[in-house]
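Below, each chain spelled out in residue letters.
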Amino acid sequence: MIARVLSSAVIGIDAYIVEVEVDISQGLPAFSTVGLPEGAVRESKERVRTSIKNSGYHFPSDRITVNLAPADTKKEGTAFDLPMAIGILTATNVIPENPGKKYLIMGELSLDGLIRPVKGVLPVAVTAKESGLDGIFLPVENAMEAVVVKGLNVYPVNTLSQLVGILSGEKNATPFISNFNGLFENREMEIDFSDVKGQDNVKRAMEIAAAGNHNIIMIGPPGAGKTMLAKRIHTILPDLSFEEALETSKVYSVMGLMPEGKGLITTRPFRAPHHTVSDAGLIGGGQNPKPGEVSLAHNGVLFLDEIPEFKKNVLEVLRQPMEEGYVTITRANSSVTYPANFMLVAAMNPCPCGYFGSKKRDCHCSYTQIQRYRTKVSGPLMDRIDIHMDVPAVEYKDLSAKGDGKSSKEILQNLKKAREIQKDRFKGLKIHNNANMTGRHIKKFCEIDNDSDRLLETAMEKLGLSARAHSRILKIARTIADVDGSEKISADHVAEAIQYRSLDRKVLK
Ligand SMILES: Nc1ncnc2c1ncn2[C@@H]1O[C@H](COP(=O)(O)OP(=O)(O)O)[C@@H](O)[C@H]1O
Ligand SMILES: [Mg+2]
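Residues numbered from 1 in each chain as written. Chains lettered and ligands numbered in written order. Predicted model: local features only at pLDDT ≥ 70, side-chain atom pairs only at ≥ 80, totals over all residues. Heavy atoms only, no water.

J.: I would appreciate a short explanation of the overall build of the chain in the present structure.
T.: When helices and strands are counted, the chain shows 20 helices and 18 strands. Taken over the C-alpha atoms alone, the chain extends approximately 90 × 45 × 45 Å along its principal axes. In the chain, which comprises 509 residues, the proportion classed as buried is 51%. Each charge class in the chain can be summarised by its mean position, and for the 64 positive and 61 negative side chains these summaries are 4 Å apart. (Helix = DSSP H or I, 4+ residues; strand = E, 2+ residues; numbered from the N terminus. Buried < 20%, exposed > 50% of the residue type's maximum accessible area, 1.4 Å probe, protein only. Lys, Arg positive; Asp, Glu negative; His and termini not counted. Charge placed at Lys NZ, Arg CZ, Asp CG, Glu CD.)

Set out below in structure tokens:
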């Protein structure tokens, strides 16, 4: 007879139902899996055979064929161990067939029949719910991930024999109940902008960046606090919506990186890959494609510290995600898409020695060295960074000052208005914030009066700003006006925006 058990596999960050069909027929003892099993799935046979025996059941010495349908997509990972074992035990009548109920089963088996955690449970649970299944049997460790999906019965199981008992009607299945109510706990972060003394201008630039979702690069000498500031930017970004949290969490679930005891990522991620990261590590890839840092930063912050140190080809691959908000990884006969919508925060020294422009130490770099260092970050990437901010070393009087600077909470409060304004402005359009504006939008939404126009013209000439600086300045001025709650962009707003294009200025040495 043929037994059928439902399970699931993941492509990208979405799951689809896989039917595990088990046929046992007479013939020489054999055990084969078909339906494009890869790596760990091919090895399942050994774990399934041993765990069935060690759980005290008979393993048939006939011809066993397992088909994973649909048979034309590659299956990976260890989650098919459990459905295969249940299929075999159903085909040998240890478990009665129960065609009325539809359950999804997933889990890795250890040789003694214990059920071990697997990757990708969150997207699988979403699919199980969408397919109208009655519930999901899964490893205890993964229960928190699945229970995030409302209205799905989640049954954690410890051992193969426990599940056999449940499916045979000898044991009761108790659904997992969590106290997760679909709402996030209050944001409580261990770090705060008030930890950073002084640097009011930089904090202001970060506030503007966060308000309009602009990418930002900080330029300053070692020890100025660039890393410290960058680590705090997500404390002033808005809370994740449930949909955003679900999408980001799917990436972590597929990678098996969900923090222990958590079913959902509830705060915006902050990812800071080292400059030795490979292009596959950054945007995803590998033989069996996996999401990279840009997807782990989805709906959060990607921080590239010491950005000129990154390999040029690695920075080049950032173009697609920065333009489109997702990455596509193409293989010989398939392609996978991962979400990758992040805010880029970068940091660099002003020159190779780090002290160009510093009041405290002399810079020994030549003009050409400085130029070469700065052009290490390619034009197309720099084109996507709206705000350049100089971060001078903190003055001793600021460092030793008592009392805190502006807190993240205060800044966040101030930003709310600006975000509402943008929501209204872009209603019905495909973009959501000022940073997304293209030429057409800038023309429509960033009109400036004659005074501001003259100011901008003079600044461009005096500071030697490039043409590309022009539209950036208008975009930033729009955000500054929004933070001010002003519909009109004033000369003050433009003047402040000009401050945020320091890398476009000529290097004077
Ligand atoms: N504005 C500041 N307020 C408080 N501490 C600071 C400030 N700037 C720098 N520091 C201290 O100096 C250390 C080095 O700063 P860091 O962020 O690593 O500098 P950078 O990345 O610019 O080299 C920080 O860990 C922090 O202890
Ligand atoms: Mg640093």
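J.: When you look at the state of the cysteines in this model, what are you seeing that I'm missing?
T.: Chemically, a disulfide is nothing more than a covalent bond linking the sulfur atoms of two cysteines. Inspection of every chain in the model, using the stated rule, returns 0 disulfides. Among the cysteines around Cys353, which has no disulfide bond, Cys351 carries the closest sulfur, lying 3.7 Å off. With relative accessibility at 29%, the residue Cys353 sits in the partly exposed group. (Disulfide = S-S within 2.5 Å.)

J.: Would you mind going over the nonpolar core with me for this structure?
T.: It is characteristic of soluble globular proteins that their nonpolar side chains tend to be buried jointly. The biggest cluster of nonpolar side chains holds 64 residues, and the ones touching the most others in it are Ile217, Val294, Ile307 and Leu318. Those residues within four positions of Ile307 in sequence are excluded, and the remaining contacts are Ile217, Leu315, Ala346, Ala347, Met348, Val377 and Leu381. By size, the runner-up hydrophobic cluster in this structure holds 52 residues, among which are Phe193, Ala224, Ala418 and Val483. (Core = buried A, V, L, I, M, F, W, Y, C linked by side-chain atoms within 4.5 Å. Contact = heavy atoms within 4.5 Å.)

J.: In this structure, what is going on with the side chain of Glu38? I would like to understand it.
T.: Within the secondary structure layout, Glu38 lies in the loop between strand 3 (30-34) and helix 1 (39-54). Buried and unpaired, Glu38 has no salt bridge, with Lys74 as the nearest side chain of opposite charge at 4.6 Å. Leaving out residues up to four positions away in the same chain, Glu38 has contacts with Lys74, Lys75, Glu76 and Asn288. (Salt bridge = Lys/Arg side-chain N within 4 Å of Asp/Glu carboxyl O.)

J.: What exactly am I supposed to notice about the packing of helix 6 (residues 200-212) against helix 16 (residues 408-425) here?
T.: In helix packing, the relevant descriptors are the interaxial angle and the interaxial distance, both defined with respect to the helix axes. With their axes 9 Å apart at the nearest point, helix 6 and helix 16 run at an angle of 35° to one another. Here the hand of the crossing between helix 6 and helix 16 comes out right-handed. Seen from helix 6, the contacting residues are Glu207, Ala210, Ala211 and Gly212; seen from helix 16, they are Ile411, Asn414, Leu415, Ala418, Arg419 and Gln422. Of the residues in the contact of helix 6 with helix 16, the class split is 5 nonpolar, 3 polar and 2 charged. (Axes fitted to C-alpha atoms, helices over the stretch in contact; angles between N-to-C directions. Left-handed = near helix turned anticlockwise from the far one by under 90°. Nonpolar A, V, L, I, M, F, W, Y, C, P; charged D, E, K, R; others polar.)

J.: Teacher, can you tell me more about the pattern of salt bridges here?
T.: Between side chains of opposite charge, a pair can form when the charged atoms approach closely. As enumerated under the stated definition, the model contains 18 salt bridges in all. We note a salt bridge from Glu19 to Arg4, for which the minimum N-O separation is 3.7 Å. With Glu19 in strand 2 (residues 14-25) and Arg4 in strand 1 (residues 2-11), this residue pair connects regions lying 15 residues apart in the sequence. For Arg4, a relative accessible area of 48% corresponds to the partly exposed category.

J.: Is there a simple way to think about the environment of Ser466 in this case?
T.: Structurally, the position occupied by Ser466 is in the loop between helix 18 (450-463) and helix 19 (467-484). Judged by its relative accessible area of 28%, Ser466 falls in the partly exposed class. Along the chain, Ser466 and Leu503 lie 37 residues apart, while their C-alpha atoms are 9.8 Å from each other. Apart from residues no more than four positions distant in its own chain, Ser466 is found in contact with Met460 and Asp504.

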